[in-house]
Each structure stands twice: as structure tokens, then as C-alpha cells.
Amino acid sequence: MTDIEDFTSQYGLVQKIDAFGYLDYLKNNPDAPRKHGKIVLVTADTPLKASRGEGKTTTTIALIDALRERGIDATAVLRQPSMGITAAGSKGGASGGGKASLTHPELIDWGLCGEMGAIEAAQNLLVSFAEKAIDEGRLDEILVPRVSEVPSRSLRQIAVDRGKGNVAERMVLTPTCELMQIVVLSRSMDEIADRVARMIAGTKDGKAVTFGEFVDLWRITGILSDAVKPAKTETVNGSPVYVHGGPFANVSIGIPTLVSVEMACALHDVVIVEAGYGADAGAQKWLDIACREYGAQWPSAAIVVTRASTWRDDPALAWRYPFHVQRLEGLDIPTFPLINLWEGEDDQIPALKETAKELEFREPIIGNLYRDGGDALAPQLDAFVDAVVNGSMPAEPHSHRGMALVENVRWVAERAYGVPAERVVLKDGFAESLNEAMDLCAGAGMDLGDMALVAVKSPATMTDNDTAPEEERTVTLKKVEVHSGAGLVHVNLTTSLTTPMPKIV
């Protein structure tokens, strides 16, 4: 009998799974054994600094270990980190820590599952085709950036044919590129090919030109063979984990691939999905992009991770954590606060519980997960398990396709950042940027209103000034960028990070 092992192959120290093939098999064989796993979203408080993690991956790993200890068939789908950020020591990897770790963290943290390298090679090949199209007179301007996994200030601004054509190009980190987004959101190689064909390569006489007009797409899909297969690896306690997708939920979508999550749901009863940065970043994008626009499953529960210091040490920012918890509860998602303790903070547990009670939270889950792993969580999960196991499958949320872009941003600002529509401000030049994006789409036969919104902003702030009084907080819209192949439109807002390479080397 055919099962998941028939779609699994060894890739060094990890296994790679042909998720596209497995899900296609299930589609064509409706009587084949499968599960209908429920999704739990793990997100976090907005960090005090962009480089500081609250411990989402450590929490995720400890959580599946704890659930499996209680007899529940649980797994997790993690994102692979950017090697550049991890290697430079600016941020942790995607492999947890201490007793809540993966067995081969070096493979995940250093991109050795092949995913990042394949996406980097494929997008750079596309740019090479665009450069050739410049020589052939097909393009006047290149709009798709080259990518690199190694951050370097020298790559922030480059030009091709310097002294001759002086064709300006950009460089971005691999996880932020459009091809990564296409891999995350696609459910088949045919869909990837269709989306690459719709990517706007550049312009000719001011009109958009897509890659489908001059590129043989098999060249790109062939390179992506390693990028489209989730890696399977053992937590140190033996729980299965799948790794697939990219980080950077501040300047990209920062969620695991949809196909890896759907595959996991067919294999396990509970699937933990970890989304990047805070609830205002990755969680917002899982709910409003993956679920609303791309048919991913709405979470049956959520966990919002914070550090005691993040939540309480800066009184001007203390509003953010309760806002996140209450916002998700308001979406009919049973939401459980989780405080991930540092060493020496155990004596704070009674005070933390009292504060949570005053805020009318559910009973908080508290522990030092680095030190104790899943053992810290297992005794505290009765209410969580009841909500996940006994709750009904959530309904499909409504889409925002067709909503005017500014109206959509105002909707997100009010619900995800707590800023009402009248305090969403348009910066000088935003209207022109929006018109240019609309014209670019129209020239390629596309409608900007059919694209999902990606809010591009700092991971460490929700508004223009989070320390301002509530009635004075604003959100400023700065510019628009189209990722037509991925079906996404980026809007830079607040203190958005727009530099193509981080300042870490």
C-alpha cells in the first residue's frame, strides 16, 4: 500500500519529502488513509528589539514534546532561518535551544537542507535572463532583484555594465525574495511555473514585461527540485518536525509553506505552525494571507509567547502583549499566554499569574523551556488540550480580494495594530507609488485589487511610535511594491526596514 514513505528520500542527515506528490496522491485516492489535523498557531509578543527572539521555536519544540508525552500525535512545521542573520550572530536560528532543540541544528541554521541555495540560484538565473533581455532590447529596466544569503554592505547598490549600460539592480536576502514567496504559497510545480511566468521582470517603454514572455520556465522549475521538498528531522526527544519556508515576517510573509502544513495535517492530529516575529507580523500574515487568501486552515488555538521582561519592563510598551492576546481571542481563537522564563526568574511566577488574572487572560503557561523543555509544559496543558481536541474545526474566513489597497491597510492597522482608520497617514509620494503600481499591473493584464496585502514594517514596532499614548498612535504608509507572481502587494509602513542588506557585518 502506498504511504508517505514512498514519497520520502534521504538527504544527508535529514529526510526530504515530496509533499506535492503525496498531496496529489491523496487527492486522486480519496479512500487512502489520512488524518485531518488541527492547526495551532505559535506567535509572540512584539520584541523589544528586532534582533531579540521571545522563544517561539523553543516553545514550539517543547510543546510538541509535551503533547506527545500526553499521548497526542503532534508535530510542528518550522521555517528555515536566513543563514546570513544566523551566522552573523544577530539572531538565533530556527532550531530551538537546550532541552527543546532539534537533533541537527547546524543543518537548519546553516541552510544545509538545500532550500535556500536552490531558491537563490533560481531567482538569480531569472535576473540573468533579464540582463540578457536588456541586451536584446526586450527590457529597458530590471525590476526583480538578485538575492544573496550572505549579507554585505557592498551589495546594497549595484549596477550592471558599469560605464556602458549602467543598468541599476538591487540585492535582497534570499528569504525575502519573490521566488521564496511563490514556493511558500504554491501547491504544485505547475503552479510555481505559472507564478514565475507572471513575475514582472522589468519594463519596456514604460510597460511591464513578465518572465513568461521570454523565459523557458522548465529551467527554473528544474533548479527548484530541492526547494519544494520539506525536510523532516527528530527533536532531541524524538518528536517529528518538518522544516520548510522562509523567515522575515517583517519584510516578507514569514510563514511555513502551505504544502508542508497541509502534508503535516494529513499525517498528524495536531500541527503547530510557527509564524515569524510577533502577532503583528507573522500571525497577522498567517491569518490574513495564508488563511483568508490562500485557503490555509484557520487555527484551532493560539499560543502567544513572551518574556517576562518584554511584557513588563517598559511600561510604555506593556500594552502590546495584552493587545495581541485579546485580539486573537476576539477572532474566536482560544489564545493561551505563555511566559518563557530566563534563568533566575522562577520566583516571578506568582506575580505573573496574578497579572494575567487581572487582565482576564486564560490561565498562563509558564516555564523555563530552555532548561526544562516539554517537561515544563506537560502538566499545564489541560485547558489547551481541551480547546484543541474537543473544539470544532474552524470555519473558512472571508477573503479581502477586491478590497481597495488603502482600505485594506486601514483594516489591518485597526485590527492588528490598534490604530483606527482615520489615523492611517499617507506619506508624501505614497499616492504616486500606488498609481505606478496600479499602472504596472494593468500593463501586465493584472488587477492590484486581486493581490494579497503584505505589510512591510519594523518587527519591533506596531505603529509609528508605540510609546505614544493610545489616542496619538498613527501608521504611515510610505510606498508600494508589486510581487505579481506571488500574488502579493507590499506596502511599506511605520519604521519599515527597506535596506536590502542588514547592518550586521
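Residues numbered from 1 in each chain as written. Predicted model: local features only at pLDDT ≥ 70, side-chain atom pairs only at ≥ 80, totals over all residues. Heavy atoms only, no water.

If you check an unreviewed UniProt entry, the chain appears there as formate--tetrahydrofolate ligase from Bifidobacterium moukalabense DSM 27321. Under the UniProt heading Pathway (unreviewed entry), the entry covering the chain gives this text: "One-carbon metabolism; tetrahydrofolate interconversion." (UniProt positions renumbered as here; feature names shortened; annotations may be inferred.)

K.L.:
Looking at this model, I keep getting lost on the sheet that holds strand β21 (residues 452-456). Mind explaining?
P.N.:
Strand pairs in the sheet, formed through backbone hydrogen bonds, run parallel or antiparallel to each other. Spatially, four strands are ordered β20-β22-β23-β21 in an open sheet, and the strand pairing comes out mixed. Only two strands of the sheet have a single partner each, and these edge strands are β20 (424-426) and β21. Taking each pair of neighbouring strands and ignoring which way they run, the sheet shows an average axis angle of 40°. Inspection of the sheet shows β21 paired to strand β23 (residues 488-493) by five bridges, in the parallel sense. Counterpart to Leu 453 in the pairing with β23 is Val 489. Most of the contacts of helix α17 (residues 430-443) go to strand β22 (residues 475-483), to which it runs at about 20°, and overall it touches β20, β22 and β23. (Pairing = 2+ DSSP bridges. Helix = DSSP H or I, 4+ residues; strand = E, 2+ residues; numbered from the N terminus. Axes fitted to C-alpha atoms, helices over the stretch in contact; angles between N-to-C directions. Contact = heavy atoms within 4.5 Å.)

K.L.:
Sorry, what's going on with the domain arrangement of the chain here?
P.N.:
The assigned domain composition of the chain is domain 1 (4-113 + 229-390), domain 2 (115-224) and domain 3 (405-493). For domain 2 versus domain 3, the distance between C-alpha centres works out to 24 Å. In this complex, domain 2 contributes 15 residues to the contact, which on the side of domain 3 involves twelve residues. For the domain 2 and domain 3 pair, buried surface summed over both sides reaches about 1,000 Å², with 59% attributable to carbon and sulfur atoms. By the criterion of area lost to domain 3, the three top residues of domain 2 are Glu 178, Gln 181 and Ile 200, representing 40% of everything that side buries. Connecting domain 2 to domain 3 are one salt bridge. In this structure, Glu 481 engages Arg 170 in a salt bridge whose closest nitrogen and oxygen atoms are separated by 3.8 Å. Inspection of the domain 2/domain 3 interface yields nine residue pairs in polar contact (both at pLDDT 80 or more). Within the residue set of the side of domain 2 that touches domain 3, elements represented by two or more residues are α6 (178-185), α7 (189-198), β12 (200-204) and β13 (207-210). With four residues, α6 is the largest single contributor of residues to the side of domain 2 that touches domain 3. (Domains from an automatic or database assignment. Buried area = accessible area lost by both parts, 1.4 Å probe. Salt bridge = Lys/Arg side-chain N within 4 Å of Asp/Glu carboxyl O. Polar contact = N/O pair within 3.5 Å; in protein donor to acceptor, adjacent residues only side chain to side chain.)

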